[in-house]
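# Analysis of the macromolecular model
Listed below, chain by chain, are the residues.
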Amino acid sequence: MIGCIRQRGTLPWALASGIGGAALGIAFLLALAWLIAKLGDLRRWIALSPAQRETERMLRLDRFYPVCGRARAAYLILCFEEALRTSGLPLDPWDRVRRELWSVTERSAAEWLARIGDLLPETVLQAASLEGLLAERAGDPFPGYAYSKAEYEALRALYRQAGDALEPLAFLMERIFDAVESDSDETGAVHPLEAVGTIRQAEAFLDGLGVPLPQDEAAVAFLLRKREPYFGKPFPPLYPRAR
């Protein structure tokens, strides 16, 4: 008994006490942060109208609500693949676009957003040339362009040759971009509802065109199992199976 009491005055006991106190302090701060976040959610919920609450409740019940951002984006790319398949356009010239889209499963969100932002038809077609595009961006924080001049010209030709078939494809590419953008901020919600709403919007768009939802059941089932917070861990792209 006396020996145990004496041990409390030793250096190991002091270190253990200090570490234990620090751990308790960290646990308290984490609990406080969680409580503050929950109170913020409660205030936001109270401020919603009944219709908004019902919309949010339905989004939380969506099958893609619990999955990570990469998996949500991959599902939207499958939607894009279905639209491309039924567009009547040859698939091979779109391989570059498709591979860039599918890189969302491996790249960081920031890198993917930068590259796809420069790949979107609206970006490529808004200027008469790459020089014109760079001139428009001269005052931007990020004035460069992710691809070479030859790649820019190839994309420009591809989009122009698509004609009227480009509009639905461009719409879906923008929805993929929007979903990744809302899912990429790790300081925000674990599973942002905006991305679920984007998926529903894309599905309704396909339905309006008479285009089926993604038919690869194995791929969809794989994505639904990616239940991870935020953007999620990288995984191999589904590109080879998407053709």
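Residues numbered from 1 in each chain as written. Predicted model: local features only at pLDDT ≥ 70, side-chain atom pairs only at ≥ 80, totals over all residues. Heavy atoms only, no water.

### Points about the overall build of the protein chain
Note the following rule: Labels follow the DSSP assignment, with helices taken as runs of H or I lasting at least four residues and strands as runs of E lasting at least two, numbered in each case from the N terminus. Buried residues are those whose accessible area, probed at 1.4 Å on protein chains only, stays under 20% of the maximum for their type, while exposed residues exceed 50% and partly exposed ones sit between those limits. Using the Shrake-Rupley algorithm and a 1.4 Å probe, accessible areas are obtained, with residue cover drawn only from the displayed protein chains.
Within the protein chain, the secondary structure is distributed over twelve helices and zero strands. Looking at the protein chain as a whole, 38% of its 243 residues qualify as buried. When the accessible surface of the protein chain is summed, it comes to about 13700 Å², and 62% of that surface belongs to carbon and sulfur atoms.

### Quick word on the packing of helix 10 (residues 166-183) against helix 11 (residues 193-209)
Convention followed: Interaxial angle, 0 to 180 degrees, is taken between N-to-C directions of lines fitted to C-alpha atoms, where a helix line uses only the stretch in contact. What sets the label is the angle itself: under 35 degrees gives roughly parallel, over 145 gives roughly antiparallel, 65 to 115 gives roughly perpendicular, and the rest give oblique. Crossings are sorted by hand: turned counterclockwise from the far helix by less than a right angle, the near helix makes the crossing left-handed, and turned clockwise it makes it right-handed. In what follows, residue pairs with any heavy atoms lying within 4.5 Å of each other are defined as contacts. Put simply, Ala, Val, Leu, Ile, Met, Phe, Trp, Tyr, Cys and Pro go in the nonpolar bin, Asp, Glu, Lys and Arg in the charged bin, and everything else, Gly too, in the polar bin.
The contact between helix 10 and helix 11 brings their axes to 8 Å, and the two run at 165 degrees. The pairing of helix 10 with helix 11 is recorded here as roughly antiparallel in orientation. You can see that helix 10 and helix 11 cross each other, and the crossing is left-handed. Residues Pro-168, Phe-171, Leu-172, Arg-175, Ala-179, Ser-182 and Asp-183 of helix 10 touch helix 11, and the partners they reach there are Glu-194, Ala-195, Thr-198, Gln-201, Ala-202, Phe-205, Leu-206 and Leu-209. Taken together, the residues of the contact of helix 10 with helix 11 sort by class into nine nonpolar, three polar and three charged.

### Focus on the packing of helix 4 (residues 69-85) against helix 11
Between helix 4 and helix 11, whose axes approach to 10 Å, the crossing angle comes to 15 degrees. Between helix 4 and helix 11, the interaxial angle falls into the category roughly parallel. Between helix 4 and helix 11 lies a crossing of left-handed hand. Contacts from Arg-72, Tyr-75, Leu-76, Cys-79 and Ala-83 of helix 4 reach helix 11 at Ala-195, Val-196, Thr-198, Ile-199, Ala-202, Glu-203 and Leu-206. Of the residues contributing to the contact of helix 4 with helix 11, the split by class is nine nonpolar, one polar and two charged.

### Here we look at the environment of Glu-151
Relative to the elements of secondary structure, Glu-151 occurs in helix 9 (residues 149-162). Overall, the relative accessible area of 26% leaves Glu-151 in the partly exposed class. Once the C-alpha coordinates of Glu-151 and Leu-119 are considered, the two residues, 32 residues apart in sequence, prove to be 9.8 Å apart.

### Here's the deal with the confidence of the model for the protein chain
For the record, the criterion: The predictor attaches a confidence to each residue, called pLDDT, with possible values from 0 through 100.
Per-residue pLDDT for the protein chain averages 82, and the proportion of residues at 70 or more is 72%. A low-confidence stretch, residues 1-8 stays under pLDDT 50, and its non-local contacts, those more than four residues away or across chains, total two contacts.

### A word on the packing of aromatic side chains
Just so we agree on the cut-off: Each pair of aromatic rings taken from Phe, Tyr and Trp, with Trp reduced to its six-membered ring, is defined by centres within 6.5 Å and is described as stacked if the planes are under 30 degrees apart, edge-to-face if over 60, and tilted in the remaining cases. Criterion for a charge above a ring: Lys NZ or Arg CZ within 6 Å of the ring centre, and within 35 degrees of the ring normal.
Going through the model one piece at a time under the given rule, you end up with eight aromatic pairs. Geometrically, the ring pair formed by Trp-94 and Tyr-159 is tilted, given 5.8 Å between the ring centres and 45 degrees between the ring planes. One end of the pair, Trp-94, is in the loop between helix 4 and helix 5 (95-102); the other, Tyr-159, is in helix 9, and 65 residues separate them in sequence. On the basis of relative accessibility, which here comes to 2%, the residue Trp-94 falls in the buried class. Residue Tyr-159 is classed as buried on the basis of its relative accessible area, which comes to 1%. Of the aromatic side chains, those joined through ring pairs into one cluster are Phe-80, Trp-94 and Tyr-159. Over the ring of Phe-171 we find Arg-175; its NZ or CZ atom is 4.5 Å from the centre of that ring.

### Side note on the environment of Glu-167
Within the secondary structure, Glu-167 sits in helix 10. Relative accessible area serves as the criterion here: at 65%, Glu-167 is assigned to the exposed category. Note: C-alpha distance between Glu-167 and Pro-121 (46 residues apart in sequence) is 9.1 Å.

### Considering the nonpolar core
In plain terms, the rule: As used here, the term nonpolar core means buried Ala, Val, Leu, Ile, Met, Phe, Trp, Tyr and Cys residues forming a set that is joined through side-chain atoms within 4.5 Å.
Judged by nonpolar contacts, the single largest core of 59 residues is most densely connected at Phe-80, Trp-94, Val-97, Leu-101, Trp-112 and Tyr-159. Elements supplying a minimum of two residues to this core: helix 4, helix 5, helix 6 (109-117), helix 8 (130-136), helix 9, helix 10, helix 11 and helix 12 (217-224). In terms of residues, this core owes the most to one element, helix 4, which gives eleven residues. For Trp-94, the contacting residues outside a window of four places in its chain are Phe-80, Leu-84, Leu-89, Leu-158, Tyr-159, Ala-162, Leu-166 and Leu-169.

### Examining the pattern of salt bridges
Rules: We count a salt bridge whenever a side-chain nitrogen from Lys or Arg sits within 4 Å of a carboxyl oxygen from Asp or Glu.
As enumerated under the stated definition, the model contains 13 salt bridges in all. Between Glu-203 and Arg-63 there is a salt bridge; the shortest N-O distance is 3.9 Å. Taken together, the residues span a long stretch of sequence, with Glu-203 in helix 11 and Arg-63 in the loop between helix 3 (50-60) and helix 4 at a distance of 140 residues. The partner of Arg-96 in a salt bridge is Glu-100, with the nearest N and O atoms 3.3 Å apart. Taken together, the positions of Arg-96 and Glu-100, both in helix 5 and four residues apart, correspond to about one turn of that helix. Taking the relative accessible area as the measure of exposure, Arg-96 reaches 34% and is therefore partly exposed.

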